[in-house]
Amino acid sequence: MSLQWTFVACFLYAEICALIFLLLPFISPGRWQKIFKSRIVNRIAQNGHVYFLVFIAILTLFFLDAIREVRKYSLSEHELELASNPSADTVIHMKLFRGQRNFYISGFALFLWFVIRRLAVLTSIQATLIAANEASMKQAKSASDAAKRLMDERDKVKKEVRLFYPAADSHPPIHLIAFLI
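Cut-offs applied
Residues numbered from 1 in each chain as written. Predicted model: local features only at pLDDT ≥ 70, side-chain atom pairs only at ≥ 80, totals over all residues. Heavy atoms only, no water. Helix = DSSP H or I, 4+ residues; strand = E, 2+ residues; numbered from the N terminus. Areas by Shrake-Rupley, 256 points an atom, 1.4 Å probe, with all protein chains shown as cover. Patch = residues over 30% accessible without salt bridge, like charges linked within 9 Å, V, L, I, M, F, W, Y side chains within 5 Å. Salt bridge = Lys/Arg side-chain N within 4 Å of Asp/Glu carboxyl O. Core = buried A, V, L, I, M, F, W, Y, C linked by side-chain atoms within 4.5 Å. Buried < 20%, exposed > 50% of the residue type's maximum accessible area, 1.4 Å probe, protein only. Contact = heavy atoms within 4.5 Å. Phe/Tyr/Trp six-rings, centres within 6.5 Å; stacked < 30°, edge-to-face > 60°. Lys NZ or Arg CZ within 6 Å of the ring centre and 35° of its normal. Lys, Arg positive; Asp, Glu negative; His and termini not counted. Polar contact = N/O pair within 3.5 Å; in protein donor to acceptor, adjacent residues only side chain to side chain. Expected span 1.5 Å × (residues − 1). Axes fitted to C-alpha atoms, helices over the stretch in contact; angles between N-to-C directions. Parallel < 35°, antiparallel > 145°, perpendicular 65-115°, else oblique. Left-handed = near helix turned anticlockwise from the far one by under 90°.

Q: What should I look at first to understand the overall build of the protein chain in this one?
A: Counting its regular elements, the protein chain contains seven helices and zero strands. Moving toward the C terminus, one meets the helices and strands of the protein chain in the order α-α-α-α-α-α-α. Counting only carbon and sulfur atoms, one obtains 67% of the accessible surface of the protein chain, whose full area is about 13,700 Å².

This is how it looks when you write it as structure tokens:
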């Protein structure tokens, strides 16, 4: 394997490892959010869009090169060479195999690059939504507790009014109505 295809294969293996880490169930989205918001990742992410586009361009270039190789060795023009040289058949099939291998390696690397990007974005969104959900639940609980406390106070005042003015159930005095409201 040439140096460029070794690079693409190593990149593919690194992407597979990153994908496995992103899919581990015991690493919560909140922890991923902290990792994504760390200083090191933020420095990388400042130009992350550029890095993403550069890697897409490189992987697309390798992918197109692999397609060119597969098409080159798949054509029937090599049939004439095969008739004159018996070992040429093996060489053509070897080069075709290498082209197909490179096609799959670069195709998977390109595909996983998009998958990892999408998975990281979705994990970050999920962590944000979980944090917002927890904040909303705390706010709703405090509002519910405050409403319950006010209703208890209101019931307590009503009981006190009934103690002092037993006929207040039918028509309470006007100054008490203003107090109750």
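Q: So what exactly am I meant to see when it comes to a nonpolar patch on the surface here?
A: Together, Val121, Leu122, Ile125 and Leu129 line one region of the surface with nonpolar side chains, adding up to about 340 Å² of accessible area. Summarising the element assignment, Leu122 is placed in helix α6 (residues 86-164).

Q: Hey, could you run me through the nonpolar core in this one?
A: Generally speaking, soluble globular proteins have nonpolar side chains that are buried together. Counting 21 residues, the largest nonpolar core has Val8, Leu59, Ala109 and Trp113 as the members making the most contacts within it. Broken down by secondary-structure element, the contributors of at least two residues to this core are α1 (3-23), α4 (48-74) and α6. In contact with Trp113, not counting residues within four places along its chain, are Phe11, Glu15, Phe52, Phe55, Ile56 and Leu59.

Q: Just checking my understanding: could you explain the pattern of salt bridges for this structure?
A: When the charged atoms of two side chains with opposite charge come close together, those side chains can pair. For the structure shown, the criterion picks out two salt bridges. The partner of Asp65 in a salt bridge is Arg68, with the nearest N and O atoms 2.7 Å apart. In this pair, Asp65 and Arg68 are both assigned in helix α4, three residues apart and thus about one turn of the helix distant. Between Lys141 and Asp145 there is a salt bridge; the shortest N-O distance is 4.0 Å. Here Lys141 pairs with Asp145, and both are found in helix α6, just four residues apart, close to one helical turn. Under the relative-accessibility criterion, Asp145 is labelled partly exposed at 41%.

Q: Just checking my understanding: could you explain the packing of aromatic side chains for this structure?
A: Two numbers describe a pair of aromatic rings. These are the distance of the centres and the angle of the planes. Applying the stated criterion across every chain, the model contains nine aromatic pairs. In textbook terms, an aromatic cluster arises when at least three aromatic residues are bridged by ring pairs, as seen for Phe7, Phe11, Phe52, Phe55, Trp113 and Phe114. A cation over a ring is seen here: Arg117 above Phe52, with NZ or CZ 4.4 Å from the ring centre.

Q: Please explain the side chain of Glu15 as it appears in this structure.
A: Counting through the fold element by element, Glu15 comes out in helix α1. The charged side chain of Glu15 is buried without a salt bridge, its nearest counter-charge being Arg117 at 12 Å. Each residue touching Glu15, except ones within four places of it in the same chain, is listed here: Leu59, Phe108, Ala109, Leu112, Trp113 and Ile116.

Q: What exactly am I supposed to notice about the environment of Lys72 here?
A: Relative to the assigned elements, Lys72 resides in helix α4. Distance in space between the C-alpha atoms of Lys72 and Lys95 is 9.5 Å, their sequence separation being 23 residues. At a separation of 3.5 Å, a polar atom in the side chain of Lys72 contacts the side chain of Tyr73.

Q: I tried to follow the environment of Phe108 on my own but got confused; where do I start?
A: Structurally, the position occupied by Phe108 is in helix α6. A relative accessible area of 51% places Phe108 in the exposed class. Measuring from C-alpha to C-alpha, the distance between Phe108 and Val8 comes to 9.9 Å, with 100 residues separating the pair along the chain.

Q: How do you make sense of α1 when you look at a structure like this?
A: An α-helical turn contains 3.6 residues, so any two residues separated by three or four positions project in the same direction. Its 21 residues give α1 an end-to-end C-alpha distance of 30 Å, which sits within 8% of 30 Å, the value for a rise of 1.5 Å per residue. Contacts made by the buried residues of α1 are with α2 (29-36), α4 and α6.

Q: Any chance you could explain the packing of α1 against α4 here in plain terms?
A: Packed helices, taken two at a time, are described by their axes: the angle between them and the distance between them. At a minimum axis separation of 12 Å, α1 and α4 run at an interaxial angle of 125°. On the basis of the axis angle, α1 is oblique to α4. In this structure, α1 crosses over α4, and the sense of that crossing is left-handed. Residues Gln4, Trp5, Phe7, Val8, Phe11 and Glu15 of α1 touch α4, and the partners they reach there are Phe55, Ile58, Leu59, Phe62, Asp65, Ala66 and Glu69.

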